[in-house]
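The primary structure of each chain is shown beneath.
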Amino acid sequence: MAYSENEVLKSVACDYEGYLLDWQDWTMEIAVEIARELEQEMDDARWEIIDFARQSFAESGKPPTRRKMVSDFNVDAQDLFDLFPSSPMRKICKIAGLPKPKNCL
């Protein structure tokens, strides 16, 4: 995704993996395009998780961990995998415009 042909995504600076370099460049339009490139469906439940992740980052300066999502957002870990299959925290952070979580390879 880092080399997207999408005009919306080409308008923001990203790292080589497609994570925004400045989380404040994020817009919902950018998030929708990132989700589309990840083939990730978005609905109200997923947007709530994205909003929580951004709020958590604004408060701490770090992407939330899965443990934080489970405890503070009160979502079951399996629900995160169901909503964001494969690598939920990577997808959540990427769509939310946050840096790649440190514990993700």
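Residues numbered from 1 in each chain as written. Predicted model: local features only at pLDDT ≥ 70, side-chain atom pairs only at ≥ 80, totals over all residues. Heavy atoms only, no water.

Trainee: How do you make sense of the environment of Arg-46 when you look at a structure like this?
Mentor: For Arg-46, the location among the structural elements is in helix 3 (residues 44-60). When the C-alpha atoms of Arg-46 and Ile-92 are compared, they prove to be 8.6 Å apart, with 46 residues separating the residues in sequence. For Arg-46, the contacting residues outside a window of four places in its chain are Gln-40, Glu-41, Asp-82, Leu-83 and Phe-84. Within polar-contact distance, the side chain of Arg-46 engages the side chain of Asp-43 at 2.7 Å. Looking at Arg-46, its side chain comes within polar contact range of the main-chain oxygen of Leu-83, at 2.8 Å. (Helix = DSSP H or I, 4+ residues; strand = E, 2+ residues; numbered from the N terminus. Contact = heavy atoms within 4.5 Å. Polar contact = N/O pair within 3.5 Å; in protein donor to acceptor, adjacent residues only side chain to side chain.)

Trainee: It is not clear to me how the packing of aromatic side chains should be interpreted in this structure. Could you clarify?
Mentor: A ring pair, where both rings are aromatic, is described by two values, the distance of the centres and the angle of the planes. One pass over the structure, following the stated rule, counts two aromatic pairs. Pairing Trp-23 with Phe-57 gives two aromatic rings, centres 5.1 Å apart and planes at 70°, and the pair type is edge-to-face. Of this pair, Trp-23 sits in the loop between helix 1 (7-10) and helix 2 (28-37) while Phe-57 sits in helix 3, placing them 34 residues apart in sequence. What makes Trp-23 partly exposed here is its relative accessible area of 22%. Ring geometry for Phe-52 versus Phe-73: centroids 5.1 Å apart, planes at 45°, classification tilted. Note that Phe-52 is positioned in helix 3 and Phe-73 in the loop between helix 4 (66-72) and helix 5 (77-83), a separation of 21 residues in sequence. By relative accessible area, Phe-73 is classed as partly exposed at 23%. In this structure, Lys-94 is placed above the aromatic ring of Tyr-19, and the distance from its NZ or CZ to the ring centre is 4.7 Å. (Phe/Tyr/Trp six-rings, centres within 6.5 Å; stacked < 30°, edge-to-face > 60°. Buried < 20%, exposed > 50% of the residue type's maximum accessible area, 1.4 Å probe, protein only. Lys NZ or Arg CZ within 6 Å of the ring centre and 35° of its normal.)

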